[in-house]
Amino acid sequence: MQKIVDFIQSIYNTKEFLPLHEPRFIGNEKKYLNDCIDSTFVSSVGKYVDIFEKQFAKKVGAKYAIAVVNGTLALHIALLLANVKKDDEVITQALTFIATCNAINYCGAKPIFVDVDLDTLGLSPKALEKFLEKNCIIKDGKCINKTTNKIIKACVPMHTFGHPCKIDKIVKICKKWHIKVVEDSAESLGSYYKNKHTGVFGKLGTFSFNGNKIITSGGGGVIVTNDKKLAKKAKHLTTTAKIPHPWEYKHDMIGYNYRLVNLNAALLVAQLEQLNKFLKNKRELAQKYKKFFKEFDDITFIKEPKNSKSNYWLNGIIFKNQKQRDKFLEFSNKNGIMTRPIWTLMNKLDMFKDAQCGSLKNSKYLEKRVVNITSSVVI
Ligand SMILES: *Cc1c(COP(=O)(O)O)cnc(C)c1O
């Protein structure tokens, strides 16, 4: 264990405390922020929001991008646009960050939890298909859950730690079952599956720019889609549903004030310029870890899955058992290296303890064994 701590400290060339994932502001951040302040356009109107949306859409290969205040609320709007309503159901993975499930609940819908694959840590197409075949029927072009008699409207796969899940298969299965796919790509900016960027396989995709993500605006998020109508609606819904007019205040529905402000967007434009540099740096770091952990029989380094290019947002290792994992968590955190276990399964949390679940064999296996280790860009 000391060996691991020494290795991480040698990579970052420090004996001081190392957070899990620190942001790096080594580009035009201050320049654009100052420009923003000098212009007085710090709030909901300003050029950086437009610049960011255009550049981001281009980066991921989507026709449209709509910037919002954070990744959770990007998911909220994407689910509303997927027509998720009160009393509907949404399938997602049990092994995910709480934001995915919170967003489902903001729509008044309930999550259903399905297993992940061991090689991707993301939603398993096999488990998804098995769940649907066992529990659902198609009636009037809708997927009906026979257990609850409710409609399953959407499916939210998540690309865990930036490793792409088998998203093409998931989209295919969902199409067959009349379920819309909203990709929670919060962690996977810069990750590709079969040479296509994550987030653009489903009807809608979302990303997060929280402080711990690969690029950050402090707080921020974005919705991407190729559907012009949905894009327009996303902008409308996130900007108080105001009908465009030179002076009148007229709103045609209950909207949200979810738009990203110009100050955050300025920071984000500067960060996006550095994405390729960050990706290269993180890939080199992952290669170092991969090589280092080869000499440990009882630890497996999590590598990018087949057919994928991962952004290696958060590096992870898998221990043989929970006892070893806990020992490492204790030792590393005591010795100035911040490490964290993977999330508690969603179905174990009080709010979701009654949720319907498929078999969660792999999720349970990983929950006990995975630890994230230092993943900041090395400078
Ligand atoms: C970070 C993250 C989000 C969104 O988080 P925000 O802090 O609201 O931007 C959503 N889902 C997953 C899986 C995440 O990791």
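Everything numeric here is computed off the predicted structure, so don't read it as measured data.

**Comments concerning the pairing of strand E7 (residues 180–184)**
In summary, the side chains of a regular strand alternate between the two faces of the sheet.
Here is step 1 of the chain: The element E7 is extensively covered by neighbouring structure, given that four of its five residues are classed as buried.
Here is step 2 of the chain: With two bridges joining them, strand E6 (residues 150–156) and E7 adopt parallel strand pairing. Residue pairing for E7: Cys155 is matched across the bridge by Val181.
Here is step 3 of the chain: The parallel pair E6 and E7, bridged by helix H7 (residues 167–176), forms a crossover whose chirality is right-handed.
Here is step 4 of the chain: Where E7 and strand E10 (residues 204–208) come together, three bridges link them in parallel fashion. Residue pairing for E10: Asp184 is matched across the bridge by Thr206.

**Quick notes on unusual backbone geometry**
Here is step 1 of the chain: Backbone geometry at Phe161 places phi at a positive 60°, although glycine is not the residue there.
Here is step 2 of the chain: Relative to the helices and strands, Phe161 resides in the loop between E6 and H7.
Here is step 3 of the chain: Residue Phe161 is classed as buried on the basis of its relative accessible area of 1%.
Here is step 4 of the chain: A positive phi angle, close to 65°, is found at Asn195, a residue other than glycine.
Here is step 5 of the chain: Mapped onto the secondary structure, Asn195 falls in the loop between strand E8 (192–193) and strand E9 (196–197).

**Some words on the sheet that holds strand E16 (residues 370–373)**
Here is step 1 of the chain: Pairing within the open sheet is antiparallel, and its four strands lie in the order E12-E14-E16-E15. Each having just a single partner strand, strand E12 (299–301) and strand E15 (340–341) make up the two edges of the open sheet.
Here is step 2 of the chain: Pairing between E15 and E16: two bridges, direction antiparallel. What sits directly across from Pro341, in E16, is Val371.

**Re the sheet that holds E8**
Adjacent strands of a sheet form backbone hydrogen bonds with each other and so pair up, either parallel or antiparallel.
Here is step 1 of the chain: Overall, antiparallel pairing links the three strands, which are arranged E9-E8-E13 in an open sheet. Two strands lie at the open edges of the sheet, namely E9 and strand E13 (308–309), each paired on one side alone.
Here is step 2 of the chain: Summarising the sheet, E8 and E13 pair through two bridges and their orientation is antiparallel. Counted as the bridge partner of Tyr193 is Ser308 from E13.

**What about the packing of aromatic side chains?**
Here is step 1 of the chain: The tally for this structure, following the rule as stated, stands at 19 aromatic pairs.
Here is step 2 of the chain: When the ring of Phe52 is compared with that of Phe56, the centres are 5.3 Å apart and the planes differ by 40°; the resulting orientation is tilted. One end of the pair, Phe52, and the other, Phe56, are both in helix H3 (residues 47–60), four residues apart, so they sit about a helical turn from each other.
Here is step 3 of the chain: The buried category is assigned to Phe52, whose relative accessible area is 0%.
Here is step 4 of the chain: Since its relative accessible area comes to 0%, Phe56 is described here as buried.
Here is step 5 of the chain: Ring geometry for Phe292 against Phe296: centres 5.2 Å apart, planes inclined by 55°, an arrangement best described as tilted.
Here is step 6 of the chain: Feature note: the residues Phe7, Tyr289, Phe292, Phe293, Phe296, Phe301 and Tyr312 constitute an aromatic cluster, connected by ring pairs.

**Here we look at the packing of helix H1 (residues 2–12) against helix H10 (residues 275–293)**
Here is step 1 of the chain: At a minimum axis separation of 12 Å, H1 and H10 run at an interaxial angle of 155°. Considered as vectors, H1 and H10 are oriented roughly antiparallel to each other. Seen along the crossing, H1 lies across H10 with a hand that is right-handed. Contacts from Lys3, Ile4, Phe7, Ile8, Ile11 and Tyr12 of H1 reach H10 at Leu285, Lys288, Tyr289, Phe292 and Phe293.
Here is step 2 of the chain: In terms of residue class, the contact of H1 with H10 is built from nine nonpolar, no polar and two charged.

Reading the values: the criteria
- Residues numbered from 1 in each chain as written.
- Predicted model: local features only at pLDDT ≥ 70, side-chain atom pairs only at ≥ 80, totals over all residues.
- Heavy atoms only, no water.
- Buried < 20%, exposed > 50% of the residue type's maximum accessible area, 1.4 Å probe, protein only.
- Helix = DSSP H or I, 4+ residues; strand = E, 2+ residues; numbered from the N terminus.
- Pairing = 2+ DSSP bridges.
- Right-handed = clockwise from strand over helix to strand, strands pointing away.
- Phe/Tyr/Trp six-rings, centres within 6.5 Å; stacked < 30°, edge-to-face > 60°.
- Axes fitted to C-alpha atoms, helices over the stretch in contact; angles between N-to-C directions.
- Parallel < 35°, antiparallel > 145°, perpendicular 65-115°, else oblique.
- Left-handed = near helix turned anticlockwise from the far one by under 90°.
- Contact = heavy atoms within 4.5 Å.
- Nonpolar A, V, L, I, M, F, W, Y, C, P; charged D, E, K, R; others polar.

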